[in-house]
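Structural characterization, general
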Amino acid sequence: MATVTDSLDDHHDHGPAKGLMRWVTTTNHKDIGTLYLIFALVMFMVGGAMAMVIRLELFQPGLQFVDPGFFNQMTTVHALVMIFGGVMPAFVGLANWMLPIMIGGPDMALPRMNNWSFWILPFAFAMLLGTFFMDGGAPAGGWTLYPPLVLQGGNGFPFMIFAIHMMGISSVMGAINVIVTILNMRAPGMTLMKMPLFVWTWFITAYLLIAVMPVLAGAVTMLLTDRFFDTTFFSAAGGGDPVLFQHIFWFFGHPEVYILILPAFGVISAIIPTFARKPLFGYSSMVYATSSIAFLSFIVWAHHMFTVGLPLQGELFFMYATMLIAVPTGVKVFNWISTMWKGSMTFETPMLFAIGFVIMFTIGGFSGLMLAIAPADFQYHDTYFVVAHFHYVLVTGAVYSIMASVYYWIPKWTGNMYSEKLGQWHFWLSTISVNVLFFPQHFLGLAGMPRRIPDYSVQFAEFNMWSSIGGFAFGLSQVFFCFIVYKTIKGGEKATDQVWEGAEGLEWTLSSPPPYHSFSTAPEIK
Amino acid sequence: MNKLKQLCAGGAALTFMSSIARADYGLNLPVGVTETSRQVYDLHMLILWVCVVIGVIVFGAMIYSMIYHRKSRGAVASQFHESMTAELVWTVIPFIILIVMAIPATTVLIDMHDSSEPDLQIKVTGYQWKWRYEYIGEDVDFFSTLDAASNEARRVGSDIDPATVDNYLLNVDKPLVIPVGKKVGFLLTASDVIHSWWVPDFGWKKDAIPGFINEAWVKVDEPGVYRGQCAELCGRDHGFMPIVVEVKSEADYATWLAEQKAGSTAEKTAVIEEIDPLELKNIGKKVYTANCVACHLQKGEGVAGIYPAITGSAIVTGDINQHVDLVMNGKPGTAMAAFKDQLSDTELAAIITYQRNSLGNKVGDAMQPIDIAALR
Amino acid sequence: MSSENAYYVPHDAKWPIIGSIGLMLFFCGFSAQLNNTPSASIVTMIGFLVLVYMMFGWFGEVIDESESGAYKSSEDASFRVGMIWFIFSEVMFFAAFFGALFYIRNFSVPWLGGDGSGAITNEYIWNGFEAMWPTNGPGEVGGQYEKMGAWGLPAINTLLLLSSGVTLTWAHWGLIANKRKQLIFGLILTVVLGIVFVGLQALEYSHGYHDLNLTMGTGVYGSTFYMLTGFHGFHVTVGAIMLTVMLVRSIKGHFTPENHFAFEATAWYWHFVDVVWLGLFVFVYWL
Ligand code: HEM
Ligand SMILES: [Cu+2]
Ligand SMILES: [Cu+2]
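Basis of the calculations
Residues numbered from 1 in each chain as written. Chains lettered and ligands numbered in written order. Predicted model: local features only at pLDDT ≥ 70, side-chain atom pairs only at ≥ 80, totals over all residues. Heavy atoms only, no water. Contact = heavy atoms within 4.5 Å. Buried area = accessible area lost by both parts, 1.4 Å probe. Salt bridge = Lys/Arg side-chain N within 4 Å of Asp/Glu carboxyl O. Polar contact = N/O pair within 3.5 Å; in protein donor to acceptor, adjacent residues only side chain to side chain. Helix = DSSP H or I, 4+ residues; strand = E, 2+ residues; numbered from the N terminus. Donors = N, O, S within 2.8 Å, 3.2 Å for Na, K, Ca; no water. Tetrahedral: all angles 85-135°; square planar, octahedral: opposite > 155°, others 65-115°. Buried < 20%, exposed > 50% of the residue type's maximum accessible area, 1.4 Å probe, protein only. Domains from an automatic or database assignment. Near = heavy atom within 4 Å. 1 Å grid on protein atoms, 1.4 Å probe; cavity = no way out; pocket = protein on both sides within 12 Å on 5 of 7 lines; lining within 4 Å. Points joined across faces, edges and corners; volume = space filled by probe spheres on them. Nonpolar A, V, L, I, M, F, W, Y, C, P; charged D, E, K, R; others polar. Pairing = 2+ DSSP bridges. Axes fitted to C-alpha atoms, helices over the stretch in contact; angles between N-to-C directions.

1. Quick word on the interface of chain B and chain A
- Contacts between chain B and chain A engage 103 residues on the former and 108 residues on the latter.
- Both faces combined, the contact of chain B with chain A buries some 8900 Å², and carbon together with sulfur accounts for 69% of it.
- Remark: the boundary between chain B and chain A carries 2 salt bridges.
- The salt bridge partner of A:Glu501 is B:Lys71, with a shortest N-O separation of 2.8 Å.
- Applying the counting criterion to the chain B and chain A interface returns 24 residue pairs in polar contact (both at pLDDT 80 or more).
- Top element by residues in the side of chain B that touches chain A is helix 3 (residues 84-113) of chain B. It accounts for 16 residues.

2. Describing the coordination of the copper ion (ligand 3)
Residue and element names in this part refer to chain B.
- Within the protein, His195 (ND1), Cys230 (SG), Cys234 (SG) and Met241 (SD) serve as the donor atoms for the copper ion (ligand 3), at 2.0 to 2.5 Å.
- Metal-centred angles of 95 to 126° between the 4 donor atoms at the copper ion (ligand 3) mark the site as tetrahedral.
- Between consecutive donors of the copper ion (ligand 3), the numbers of intervening residues give the motif H-x34-C-x3-C-x6-M.
- Of the residues examined, cysteine 234 reaches a relative accessible area of 0% and is grouped as buried.

3. Overview of the domain arrangement of chain B
Residue and element names in this part refer to chain B.
- Domain parsing of chain B yields domain 1 (35-70 + 82-112), domain 2 (117-269) and domain 3 (277-375).
- One C-alpha centre belongs to domain 1, the other to domain 2, and the line joining them spans 37 Å.
- If you look at the interface, domain 1 gives 7 residues, while domain 2 gives 6 residues.
- Taking both partners together, domain 1 and domain 2 bury about 470 Å²; carbon and sulfur atoms supply 42% of that area.
- On the domain 1 side of the interface with domain 2, the three residues burying the most area are Thr36, Ser37 and Met112, jointly 62% of the side's total.

4. Comments concerning the site of ligand 1
Residue and element names in this part refer to chain A.
- Lining the immediate environment of ligand 1, one finds 22 residues, of which Trp143, Asp377, His381, His389 and Arg451 sit closest.
- Residue histidine 389 places a side-chain N or O atom 2.9 Å away from a nitrogen atom belonging to ligand 1.
- Arginine 451 is positioned with one of its side-chain polar atoms (N or O) 2.8 Å from an oxygen atom of ligand 1.
- Put simply, the parts of the chain that give the shell around ligand 1 at least two residues each are helix 7 (242-276), helix 10 (349-372) and helix 12 (384-414).

5. Quick notes on empty space enclosed by the protein
- Summed over the entire model, instances satisfying the criterion amount to 4 cavities of 30 Å³ or more.
- Here the largest cavity is characterised by a volume of approximately 120 Å³.
- Forming the boundary of the largest cavity are 13 residues, of which A:Met88, A:Pro89, A:Val92, A:Ser170 and A:Ser171 lie nearest the centre.
- Counting only elements with at least two residues in the lining of the largest cavity, the list comes to helix 3 (68-102), helix 5 (156-184) and helix 6 (197-228) of chain A.
- Per element, the largest residue contribution to the lining of the largest cavity is 5 residues, and it comes from helix 5 of chain A.
- A class-by-class count of the residues in the lining of the largest cavity yields 10 nonpolar, 3 polar and no charged.
- There is about 50 Å³ of room inside the second largest cavity.
- Forming the walls of the second largest cavity are A:Gly141, A:Tyr146, A:Pro147, A:Leu149, B:Val193, B:Ile194, B:Glu232 and B:Leu233.
- Taken together, the residues of the lining of the second largest cavity sort by class into 6 nonpolar, 1 polar and 1 charged.

6. Observations regarding the interface of chain C and chain A
- With 70 residues of chain C at the interface, the matching set in chain A holds 70 residues.
- With both sides pooled, the region where chain C packs onto chain A buries about 5900 Å², and carbon together with sulfur makes up 75% of that total.
- Taken together, the connections running from chain C to chain A amount to 2 salt bridges.
- Its salt-bridge partner being A:Arg112, residue C:Glu65 comes within 2.8 Å of it at the nearest N-O pair.

7. With respect to the pairing of strand 5 (residues 184-190) of chain B
All names here are of chain B.
- A large share of strand 5 lies buried, amounting to 7 of its 7 residues.
- The pairing of strand 1 (residues 120-127) with strand 5 spans 7 bridges and is parallel. Its bridge partner being in strand 5, threonine 125 is matched across the sheet by threonine 189.
- With 5 bridges connecting them, strand 5 and strand 8 (residues 214-218) associate as antiparallel partners. Bridge pairing in strand 8 links glycine 185 to tryptophan 217.

8. Some words on the sheet that holds strand 2 (residues 130-135) of chain B
Residue and element names in this part refer to chain B.
- Pairing is mixed in the open sheet, where 5 strands are placed in the order 3-2-1-5-8. Each edge of the sheet is formed by a strand with only one pairing partner; in this case those strands are strand 3 (140-144) and strand 8. Sheet twist, expressed as the average angle between the axes of neighbouring strands with direction ignored, equals 25°.
- Pairing of strand 2 with strand 3, which is carried by 5 bridges, proceeds in the antiparallel orientation.

This is the structure we're talking about:
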């Protein structure tokens, strides 16, 4: 098995190249990880700015600021940017930084391709965001791209399609790299069942990515040909069906939501044991639960389509299968709580975010379970209840886990401790505001407010106002987060190698920050 | 700046007013007015309580642990990390709970799918952005659009306070009318993009998909007015295509139906009169506001790339027959609908005359209803 | 550890960024062409050339590294696993289109024809339409057309592709047994078979467009037919190019019986394309 890193030109102790070109041509997993993380942060801010526009318009009834067409562009691009530009690259960044270290390898297995996976993204998003300046504006048919509506788009339409293709190429290459790295680059003795859970969850995520990103590519290709080359995949007159697109899209889409959350499960499974000073409870059941979630995620897609008029048997099948996902998800939550049980806990910022994750992700899981009940979903579907659900799982789930990981590993990455005081402030500001932002949306949805509307009837005014206030506060809290990150990169108290008293794993055996090439000699795995 | 001020004032006013209007404030799913909606409500409450109970147990354990198992209290970490029994317990128990919930859910679902033997059927067609209702077997067929007051108030910069508008965004020019206590079957479809027909009090929503028909049904217990909205993103004015259903007693319904039929016969047999072009322009303006503004905008400037401008348009200022053809038959693959089903001869003549002679155009010719009738 | 089993990590990769720029130019140019933007095709062409340049450069560099012995068994293993999962991603790409075909044939067309829950749809919207395959839908989109038969060109093409799989394996045996002639001759045969396949496919398309009035716009039949066979044909073309490169490299003597991953990867790819064709032949042409 591979152990030492080196290059052909054989200079052993060289560091990174200098200047901008270091970042453009780098093949180093840490550099690329950093690029991904910074890119994700920028995209979070871009997508966040769009969210602010949305919440501003929804602050009170009546249209005050934007035209409804532009509002739809905002919701559509906000979602695409957050999912494909924010959460996914952030997790790939974490994977790049941590996977090789966690398994005791020298680097990612395919370093040059690793560089390409990243460097496609800025161009893809330049294309996507460029559509705002084209005739007809940015795509406005929702991130789910349902035809026939999406086919009515302006000149931005083909650019969006190809931007999605580029994101897909990037993701698939990234995922291949992850799998190859995990299979081939482990230090001797690092058996599969000794790998940290973050490695496991990413392993499974990578399979999901390879399985579904090409399906999305196929789906959007059919949109493209339906619009420009006279095909009729999604038009009844030619024998097709608009609902066919939804099937293909959600065959991608549901595994996609697990792509967004499985790495989060891994991160949380690393952080909670550290701060409980106690080994993770039920390691192997975690691995099996993750695998069964991944498997089930392929057979539940039509729960997003209960109202399209599926045959009864179909609705029953997808309802049962979806309810089943709650079981392995529950197992995870129970395991985390058992890990905390009888531990010796401290509550530094990463732990706070991890606990916030467990509680609020579970709330999102509960609403998910409610949505799984098909007859009830006939009421919930396409309302703010769904908006609340997926923001609980995505913002207080996926995004919280990303923030937890940043606080957890930034001392390792930079060699500097972040300011614990500011970190705690950030946590509490975020947590209070995010609940003011999203909790009332449950009520709005139940009371009858549809999603994706720029204006609403006055009965929904009060909760929308609260939600907007929470939104602005949450947005500001994240600007504060950027400041904390910046400050930590610039300096601060020096971090020890161990960083956290209770932390286990190979990353803590390296110096803070780690050497340019992580493990020049393979570590010994006990 | 002005907008910001408005926003603050509006915000303050709203907080005040909404506390007055709290009576009709919804926090929860409506129980609704049909057997189905009550069943759905019960399911919703059941699953909600199940979640609450599990939540209390799970979060309770967590919070207990966070209080008592903290280092600052001197807690020493145990090192246990596995228990087959525990894993089995928390796999099997949730599984059983799920089965218990799946049973009533299945019953309700089967019930909702049974749209057989309706007392009357209505075909509902979604258009961008209005609903069309055809009473099958009766000669009644009309469109239902956002009412003028809401439509006026909802424009950017209208300066009209939505709170002063009656049922802001939830009111239509002509509601759907159905009889109480009868099984009404709906045949849902769409003409352009996917819409979704939703009245919360009836307990369901169902997508209206172009080229396909979905079935659904209601049997309403109490007369009244029930409101809902389109629930599937359908473009620019998705937020502005409400649904209003008036449920009448059987007798009232019969009267209403007779009136409608009489009306439509009268319309058909009426002699088509010549209308003064100036008058046509006036009607045209109203028709334009109700049907065209959403895309082509108030001044006819359109949106580059998707909604062409009316002002100076080659078609509008060119051959009138082409203009008429486009408006009547639409342009497939775009948001431009075929308006011949949606508008009367007079309205079509009016809108064409208006477009040609307003919004910055001065062609000078006019269209007469009789000529439109000839083209049908 | 000696640097002999050091894992090879290249430095200063300039090809990826060139690839990204090429990709963006290509896609932007093509998008603009679809929007009828004047002279956009120039951008597409430039993007394409940049991509070709990138591929030559990138693969060239990898070949140089390989030839200079930078790769050992661990790098080789990475390439192998990577290639397998790449092919899996391609399988899923085709799965999307096969899935669409399956849905159209088993659900949407029967529903439109009044089957099952489609009874009302048929009665009120598409009265008189009967479900059958092939079909251009109840709107008879694209007008009168004729079906593409299975037992003419497509059957010949099946034979061609299957034999190309055989010749390729034969070439591989030659490579393993160090029989250069067999290797090169086998590869030449394979490439020729591939090219003939693509040529016949082009002929078939021209027959479809000119004689049968079967176009991409012929309802779902035309859509699925051209989409599936088109993407397959594209993959055959790519595969044939890869084989040609392997041929050149074989002539140059790059491969040894022990060490010839590029050849194997190409062979896997070719077999995958072969298998897809069998699916196509059965579900698109025959049944
Ligand atoms: C217990 C686990 C979960 C269950 C049972 C569940 C169930 C559902 C259901 C039934 C819907 C469709 C609701 C509707 O549109 O009517 C939905 C929507 C959604 N869920 Fe979940 N979910 C779960 C967890 C997650 C997770 C972990 C994520 C992501 C991290 C997620 C993200 C989403 C998103 C993004 C949507 C909305 C998609 C859209 O329409 O735009 N869910 N969920
Ligand atoms: Cu889902
Ligand atoms: Cu609609």
